[in-house]
Amino acid sequence: MPAPKLKIGRVGVIGSGVMGGGIAAHVANAGVPVHLLDIVPKDGGNRNAVAEGAIQRLLKTDPAPFMHAGAARLVTPGNIEDHLDRLGECDWIVEVVAENLAIKQEVYKKIEAHRKKGSIVSSNTSTIPLQNLTKGLPKSFAKDFLITHFFNPPRYMRLLEIVAGPSTKPKAVEIIRDFCDHALGKGVVDCKDTPGFIANRIGTYWIQAAINHSIDLGLTVEEADSVAGRPMGIPKTGIFGLLDLVGLDLMPHVSKSLLATLPEGDDYRRIYRPQALFEKMIADGYTGRKGKGGFYRLAKGADGSRVKEAIDLKTGEYHVAGKPRLESVEAARKGLKVLAEHPDKGGKYAWAVMRDTLAYAASLVPDIADQVTAVDEAMRLGYAWKRGPFEMIDQLGARWFADKLATEGKAVPSLVTAAAAAGGFYRTQDATVEYLGTDGAYHAIQRRPGVLLLTDVKRGKQPIVGNKAASLWDLGDGVACLEFHTKMNAFDADLLGMVKKAIDTVTKSYKALVIHNDADNFSVGANLGLALFAANVALWPAIDQLVDQGQKTFKALKYAPFPSVGAPAGMALGGGCEVLLHCSAVQAHAESYIGLVECGVGLVPGWGGSKELLTRWATLPGMPKGPMPPVAKAFETVAMAKVGKSAHECRELGFLRPTDGITMNRDRLLADAKETALKLAKKYKAPEPPVLNLPGPTGVAAIQLQVEGLALQGKVTTHDQVVVKELAKVITGGDDADHIEPTSEDKLYALERQAFMRLVKTEGTLQRMEHMLTTGKPLRN
């Protein structure tokens, strides 16, 4: 379904701090011009210095707030004394100034005096009730006002909490919801006007509970994070790592704000417990990653290397961070309930944190949100939990959870009692997921128009064909979807076999193929562990056969009689990039990180990646004439193992065509890819083989000269030179190539295969492969 025509053509952001600047950058990522206004500095020099400085800071920040450098040109800096008239151009004005009611209301008066009629105004506050923000302001302002609470960093955190007041026009809410959904890629959650809204109300409680129980049960920082991390479906930072990430000094401000507005009797008031150690850490500058360190820090070891240290919660002294070995963590592989029931201190800790947090979350509905689905979505998108609180209760078993609360003398929230009686907060009826409402009845979960999730497609159905590595699903309308499901979606012979099977099946029975999956990463490439094992036992024919299988499979995909659309999100590296390069088109999620990274492990792309990238540059309109410009472009990208850090950067690197699509909201990616596939299928014709005129040995000589210069500067290692020499031979067409005579596609496939097999037999490459598997980092040997 096509996206609605968005009614936001220009945005104003007032306040250029971390959040204001991040919001402005992300609006610019959507291609929408932004006026970024801030105060005039007291020194009186450059009156726009604050906003201009914010833009420069954003350009240097890592991870990058801008998806590409060009987006920064859409942000116009200004100040709130000279440039308020610019707000008259804006359809949406976002206030992101200090969390001070008086300051905010002064800003609103200035906005009201300069904005155009019908423009929408919102605040990014997470602490001040909407009714307080609009008190005393004109009714005309209140009608166009709402809260839009972004999470930091705005580009990467998908949650946007929206709070509308009793006077807010429904149309204003819908316009902002649509814009933030389609253009900014947000998961928009409607909240009530209550302290902390949803995510921070529950998240702050969870952090406090986790801190308290770690101290009471005598867990180390490392032990607590090893439990309250991945075993509980929470990011690996756990609790203390998360505090280091966001800044330990943030917590007192959040707590103070909540305590000032929470109702009497709220359980956060009971568990709130200031820690003298934490106050000392903040005072001494140990505020986390942005300070001298935090609960963890990097220190210099005896040999001069960097050593990770953790603080002792009792003494405040640092020690070398250990790797906890708790039986409960290992047992958690069998499920959340197994973790909660484990008798060791890790299990007791997990249960105590879950017990308090999940019961607290259940006690807040419907006060903070009308539906449990809103709470679960907010915690998944805002805190990156794998499951929201009510989904976690279902994982434990609602009846089991209610009984265990009662056994321990804890209050059982009425919503938990209802779920225990009904059989859980969620159920599946006729392939439709339903949630338990506060009315005691189940209701179907409604997706927004244009959202298509593969999990919904698969529910209650069998794949068309499949094996342990991949499955082919029917998306309807004559379109099939190939889903990878190996570990990290890595390619092996079984996965390549399913790609070929999908090609054969779609040729006979379907109009088009989409290649997509719901995993965090599209594909990390070939299974490096299997390749290293085969190399270590000299199974060279098996490796050669896998290279040959991959080349033939991807070539068959490229020249299939139907269109194929790759729909990646997350990492698409090595072979994952190569399969996309052979698709008829790509519809990429904005947060796609695509690259040919084989040189980093001492290899060259073996499945046509170099050849396809070279073809892209050679056929790109406007490229300089002659055989070397496209060779130089492709060589630089592959030799340096460049990875696009957004879909926009991937387009600049040639991994995406100018005609390939970019989807901002991941939930809309599959629907957009399907729509693209159907459009292509109407008059599809397989591409003609490329004709490439390559420089051959003269090109190799030119590249070698550059490499030798870099080697003299110490920028290229000994084995780098071995690898890039092989890559140069491939990308220039081989020893017998001449720019007067065309080089065939099959010749380039053969050159890739030969170079790959020579390199995989070298000691330097085997060392790189083993180092990558062991450490996750490239070896410079």
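Residues numbered from 1 in each chain as written. Predicted model: local features only at pLDDT ≥ 70, side-chain atom pairs only at ≥ 80, totals over all residues. Heavy atoms only, no water.

1. With respect to the pattern of salt bridges
What counts, and what does not: We define a salt bridge as a contact between a side-chain nitrogen of Lys or Arg and a carboxyl oxygen of Asp or Glu at a distance within 4 Å. When accessible area is computed with a 1.4 Å probe and restricted to protein chains, residues below 20% of their type maximum are described as buried, those above 50% as exposed, and intermediate ones as partly exposed.
With the rule as written, the count across this model stands at 54 salt bridges. Between Glu112 and Arg115 there is a salt bridge; the shortest N-O distance is 2.7 Å. The partner of Arg355 in a salt bridge is Asp356, and the shortest N-O contact between them spans 2.8 Å. Note on accessibility: Arg355 and Asp356 belong to one class, buried.

2. Side note on helix α3 (residues 101–114)
Worth spelling out the cut-off: Strands here mean DSSP runs of E at least two residues long; helices mean DSSP runs of H or I at least four residues long; both are numbered from the N terminus. The span expected for a helix works out to 1.5 Å for each residue beyond the first. Directions from the helix axis toward the C-beta atoms define the arc. Contacts are residue-level and defined by heavy atoms, with any inter-residue pair within 4.5 Å sufficient. Pairing of N or O atoms within 3.5 Å defines a polar contact, subject to two protein rules: one partner must be a possible hydrogen donor and the other a possible acceptor, and residues neighboring in sequence count only if both atoms are side-chain atoms.
Counted at 1.5 Å a residue, the expected span for α3 with its 14 residues is 20 Å, and the 20 Å between its end C-alpha atoms agrees. Here α3 has its buried residues at Lys104, Gln105, Val107, Tyr108 and Ile111. On an axial view of α3, the arc spanned by its buried residues comes to 160 degrees, and they lie on one face. Within α3, the exposed residues directed more than 90 degrees away from the buried face are Ala102 and Ala113. Buried positions along α3 lie against β1 (11–14), β4 (92–95), β5 (120–123), α4 (130–133), α5 (139–143) and β6 (145–150). Regarding α3, its N-cap is Asn100, as a side-chain oxygen of that residue lies 3.0 Å from the backbone nitrogen of Ala102 further along.

3. Digging into the packing of aromatic side chains
Worth spelling out the cut-off: What counts as a ring pair is set by centres within 6.5 Å for rings of Phe, Tyr and Trp (its six-membered ring), and what kind of pair is set by the plane angle: stacked under 30 degrees, edge-to-face over 60, tilted for all other angles.
In this structure the tally under the stated criterion is 20 aromatic pairs. Ring geometry for Tyr108 and Phe141: centres 5.4 Å apart, planes at 40 degrees, overall tilted. Taken together, the positions of Tyr108 in helix α3 and Phe141 in helix α5 put the pair 33 residues apart, joining distant regions of the chain. The residues Tyr108 and Phe141 share a single accessibility class, namely buried. Look at Phe554 and Trp607: their rings are 5.6 Å apart centre to centre, the planes differ by 90 degrees, and that puts the pair in the edge-to-face class. One end of the pair, Phe554, is in helix α23 (residues 540–558); the other, Trp607, is in the loop between β22 (592–595) and α25 (609–618), and 53 residues separate them in sequence. For Trp607, a relative accessible area of 6% corresponds to the buried category. Among the aromatic residues, those joined into a ring-pair cluster are Phe484, Phe491, Phe522, Phe554 and Trp607.

4. What about the nonpolar core?
The following threshold applies: Throughout, nonpolar core names a set of buried Ala, Val, Leu, Ile, Met, Phe, Trp, Tyr and Cys residues whose side chains join them through atoms within 4.5 Å. Source of the domain bounds: an automatic or database domain assignment.
By size, the foremost hydrophobic cluster in this structure holds 107 residues, and its most contacted members are Ile198, Ile239, Phe240, Phe295, Phe390, Phe401 and Phe425. Broken down by element, the residue count for this core peaks at 10 residues, all from helix α15 (residues 345–363). Mapped onto the domain boundaries, this core takes at least three residues apiece from domain 1 (11–191) and domain 2 (199–436). Not counting residues within four places of it along the chain, the set of residues in contact with Ile198 comprises Glu161, Val189, Asp190, Cys191, Ile368, Ala369, Ala374, Val375 and Ala378.

5. Some thoughts on the side chain of Ser226
Looking at where Ser226 falls in the secondary structure, it is placed in helix α8 (residues 221–227). For Ser226, the side chain forms a polar contact with the main-chain oxygen of Glu223, separated by 2.7 Å. Contact partners of Ser226, with chain neighbours within four places excluded, come to Pro231, Pro324, Leu326 and Val329.

6. Section: the pairing of strand β3 (residues 75–79)
For the record, the criterion: At least two DSSP bridges between two strands are needed for those strands to be called paired. When the strands point away from the viewer, a crossover counts as right-handed if the route from the first strand across the helix to the second turns clockwise.
Buried residues dominate β3, accounting for four of its five residues. Inspection of the sheet shows strand β2 (residues 34–38) paired to β3 by five bridges, in the parallel sense. Its bridge partner lying in β3, His35 is registered against Thr76. A crossover links β2 with its parallel partner β3, the connecting element being helix α2 (residues 49–60), and its sense is right-handed.

7. What to know about the environment of Ala411
Tracing the backbone shows Ala411 in the loop between α18 (398–407) and α19 (414–422). Given the relative accessible area of 66%, Ala411 is considered exposed.

8. Notes on the packing of α25 against helix α31 (residues 745–760)
Rules: To obtain each axis, a line is fitted to C-alpha atoms, and for helices this fit is confined to the stretch in contact; angles are then taken between N-to-C directions over 0 to 180 degrees. Working definition: roughly parallel below 35 degrees, roughly antiparallel above 145 degrees, roughly perpendicular at 65 to 115 degrees, and oblique for all remaining angles. Residue classes follow a fixed rule: Ala, Val, Leu, Ile, Met, Phe, Trp, Tyr, Cys and Pro count as nonpolar, while Asp, Glu, Lys and Arg count as charged, and any other residue, Gly among them, counts as polar.
Contact pair α25 / α31: the axes reach a minimum separation of 8 Å and the direction vectors enclose 135 degrees. As summarised for this structure, α25 and α31 are arranged oblique, according to the angle between their axes. Two secondary-structure elements touch here, α25 through Gly609, Ser610, Lys611, Glu612 and Leu614 and α31 through Glu745, Leu748, Tyr749 and Glu752. Of the residues assigned to the contact of α25 with α31, the class counts are three nonpolar, two polar and four charged.

9. Examining the packing of α15 against α18
Contact geometry of α15 with α18 gives a least axis separation of 12 Å together with a crossing angle of 100 degrees. What the angle tells us is that α15 and α18 run roughly perpendicular. Of α18, the residues touching α15 (which contributes Trp351, Met354, Arg355, Leu358 and Ala359) are Trp400, Phe401, Lys404 and Leu405.

10. Some thoughts on the side chain of Glu161
For clarity, the threshold we go by: Only four residue types enter the tally: Lys and Arg on the positive side, Asp and Glu on the negative side; His and the chain ends are excluded.
Note that Glu161 resides in strand β7 (residues 159–164). Comment: no salt bridge for buried Glu161; closest opposite-charge side chain is Arg201, at 10 Å. Polar contacts involving the side chain of Glu161 include one to the main-chain amide nitrogen of Ala199, which spans 2.9 Å. Aside from chain neighbours lying at most four places away, what touches Glu161 is Ile147, Thr148, His149, Phe151, Val189, Cys191, Gly196, Phe197, Ile198, Ala199 and Ala378.

Nothing here speaks to function; it is geometry throughout.
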